[in-house]
Amino acid sequence: MTLFKMENRRNFGFSAENPTGTKGGGTRGKDCEKLNPCIQIQPGETVTLCDTDGPGMVTHMWFTGYVGHSFILRIYWENNEQPSVEAPFSAFFGCAYDENFSDRDGNYPVLNSAMMLVAPGRGFNSYFEMPFRKHCRITMENRGEKAETLFYMISGWYGEIPENSGYFHATYRQEHPVQKGRSYVILDGVHGKGCFAGVTLASGMNGHNTCWVEGEAKMYIDGDTYPTMNYTGTEDYFCGSYGFGNDIYLNRYQTFSGLYTGLYAILGDTKEMYNHQKRFMLYRWHVKDPVYFDEDFKMTIDNLGWTGPRYDDYTSVAYWYQTEPKPVPFTLPEDKELIME
């Protein structure tokens, strides 16, 4: 995006104060007067946050209020009945451990990247570009047992999009625990032409933590029997090394949050090496190193330590683009199965 280049575009912004997103459709309140800063979503209710015709592009989504897993975010493209994006609210923004509001240092976890931002106080932001030709619909479902509050702003523009634009997709998976000795599947069942854009991963240690980051990330492209993209370890796939600092020198995991990758939060006591059931939250965006496929795509990652296969809790959201909008390949667990502490 070049800001000085003038484009034939018109902005939209859907919010509680402007639920239709229309030009001049915002608050009728006076200066310094709030009328509708947020909405309430009742148990079992699904609320449409954005419903608009194209062509255009969603460029930013911001949310706060209730930020737990009982909210389910869905995005539908081109009037399709099945969503191309479906994930628990917190997990979509890389913050699947939504029962924990502080990290090991007693601070809010902060994911500070080019594509997602989890700001202090649980400000959830997405900067993924999401083009659409005919129609875009974004909804939020409350699968919890009580009404919850949501603040939101979904912004973008109307205008012509490039002919070769793909549609944004995201899907959720979890294994609590991972089946010992089997690779954890991050994404599968994807057919057609597309581009893998990244993954967020939350890992919860079970049992003695004798290093959990030896698992290889593998990508199977266009009918591969054996992976084309084969990373050497979990910390290597997330662009780190040597147990993210928990090696022979530092003996302590160290967080980092970069433009395209990070181990941005550690939950639990980390004062002793490999002795506590810690929780980790990571992300990896394939913006500078996109992974293209023409026919199909699958990605797995091993849950492996120095002593062999492990049985930790893995939770992930995969993000990708395809030439056609497709339904998500996995089914969400029940709300009670999403609880993570």
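Our structure is the block above this text.
Residues numbered from 1 in each chain as written. Predicted model: local features only at pLDDT ≥ 70, side-chain atom pairs only at ≥ 80, totals over all residues. Heavy atoms only, no water.

**Student:** I would appreciate a short explanation of the pattern of salt bridges in the present structure.
**Tutor:** Proximity of charged atoms lets side chains of opposite charge pair with each other. Enumeration over the complete set of coordinates arrives at 8 salt bridges. Note that Asp-105 and Arg-104 form a salt bridge whose closest N and O atoms lie 3.9 Å from each other. Measuring nitrogen to oxygen at the nearest pair gives 3.5 Å for the salt bridge that ties Lys-218 to Asp-302. Within this pair, whereas Lys-218 is found in strand β16 (residues 217–221), its partner Asp-302 is found in the loop between β22 (296–301) and β23 (304–305), the two being separated by 84 residues in sequence. Judged by its relative accessible area of 14%, Asp-302 falls in the buried class. Overlapping salt bridges bring together Arg-74, Glu-86 and Glu-141 as one network. (Salt bridge = Lys/Arg side-chain N within 4 Å of Asp/Glu carboxyl O. Helix = DSSP H or I, 4+ residues; strand = E, 2+ residues; numbered from the N terminus. Buried < 20%, exposed > 50% of the residue type's maximum accessible area, 1.4 Å probe, protein only.)

**Student:** Please clarify how the environment of Arg-133 should be interpreted in this entry.
**Tutor:** In this fold, Arg-133 is placed in the loop between β10 (130–132) and β11 (135–142). Taking the C-alpha atoms as reference points, Arg-133 and Glu-160, separated by 27 residues in sequence, lie 8.3 Å from one another. In contact with Arg-133, not counting residues within four places along its chain, are Gly-54, Pro-55, Glu-78, Ile-161, Pro-162, Glu-163, Asn-164, Ser-165 and Tyr-167. In terms of polar contacts, Arg-133 uses its side chain to reach the backbone carbonyl oxygen of Glu-163, at 3.0 Å. (Contact = heavy atoms within 4.5 Å. Polar contact = N/O pair within 3.5 Å; in protein donor to acceptor, adjacent residues only side chain to side chain.)

**Student:** I would appreciate a short explanation of the sheet that holds strand β17 (residues 229–230) in the present structure.
**Tutor:** Adjacent strands of a sheet pair through backbone hydrogen bonds, lying either parallel or antiparallel. Spatial ordering of the open sheet is given by β14-β22-β16-β17, a layout of 4 strands whose pairing is antiparallel. Each edge of the sheet is formed by a strand with only one pairing partner; in this case those strands are β14 (184–191) and β17. As paired elements, β16 and β17 share 2 bridges and run antiparallel to each other. For Met-219, the partnering residue across the bridge sits in β17 and is Met-229. (Pairing = 2+ DSSP bridges.)

**Student:** How do you make sense of the state of the cysteines when you look at a structure like this?
**Tutor:** What makes a disulfide is a covalent bond joining the sulfur atoms belonging to two cysteines. Applying the stated criterion across every chain yields a total of 0 disulfides. Counting only cysteine sulfurs, Cys-50 is the nearest neighbor of Cys-136, a cysteine outside any disulfide, at a range of 4.1 Å. Sulfur of Cys-195: no disulfide; nearest cysteine sulfur belongs to Cys-239 and is 16 Å away. (Disulfide = S-S within 2.5 Å.)

**Student:** In this structure, what is going on with the packing of aromatic side chains? I would like to understand it.
**Tutor:** Within a pair of aromatic rings, the relevant descriptors are the distance that separates the centres and the angle that separates the planes. One pass over the full model with this rule turns up 30 aromatic pairs. Judged by centre distance (5.9 Å) and plane angle (70 degrees), the rings of Phe-63 and Phe-93 are edge-to-face. Here Phe-63 is found in strand β4 (residues 56–65), whereas its partner Phe-93 is found in the loop between α1 (89–92) and β7 (111–112), with 30 residues between them in sequence. Across the pair, exposure class does not vary: Phe-63 and Phe-93 are buried alike. (Phe/Tyr/Trp six-rings, centres within 6.5 Å; stacked < 30°, edge-to-face > 60°.)

**Student:** Quick question: what am I supposed to make of the pairing of strand β12 (residues 148–158) here?
**Tutor:** It is a general feature of regular strands that their side chains alternate between the two faces of the sheet. Counted residue by residue, β12 has 8 buried out of 11 residues, so it is predominantly covered. As paired elements, strand β1 (residues 10–15) and β12 share 6 bridges and run antiparallel to each other. Along β12, the bridge assignment pairs Asn-11 with Trp-157. Strand direction decides the pairing type here: strand β2 (residues 39–41) and β12, joined by 3 bridges, are antiparallel. Bridge pairing links Gln-40 to Thr-149 in β12. The sheet contact formed by β4 and β12 spans 9 bridges and is antiparallel. Its bridge partner lying in β12, Thr-64 is registered against Phe-151.

**Student:** Quick question: what am I supposed to make of the nonpolar core here?
**Tutor:** Within soluble globular proteins, side chains that are nonpolar generally end up buried alongside one another. Core analysis: the biggest nonpolar cluster contains 60 residues, and Phe-63 and Phe-92 have the highest contact counts within it. Ranked by the residues each element gives to this core, the list is headed by strand β5 (residues 71–77), at 5 residues. Discounting residues that sit within four places of it in the chain, Phe-92 has contacts with Met-61, Leu-73, Val-85, Ala-87, Met-116, Ser-126, Phe-168, Ala-170, Val-317 and Tyr-319. Counting residues in hydrophobic clusters, the runner-up holds 34 residues, among them Phe-196, Phe-244, Tyr-253 and Ala-318. (Core = buried A, V, L, I, M, F, W, Y, C linked by side-chain atoms within 4.5 Å.)

**Student:** Looking at this structure, I do not really get the side chain of Arg-173. What am I missing?
**Tutor:** Here Arg-173 is to be found in strand β13 (residues 167–175). The exposure class of Arg-173 is buried, given its relative accessible area of 17%. Within polar-contact distance, the side chain of Arg-173 engages the side chain of Glu-175 at 3.2 Å. Among the polar contacts listed, one links the side chain of Arg-173 to the backbone oxygen of Val-185, at a separation of 2.6 Å.

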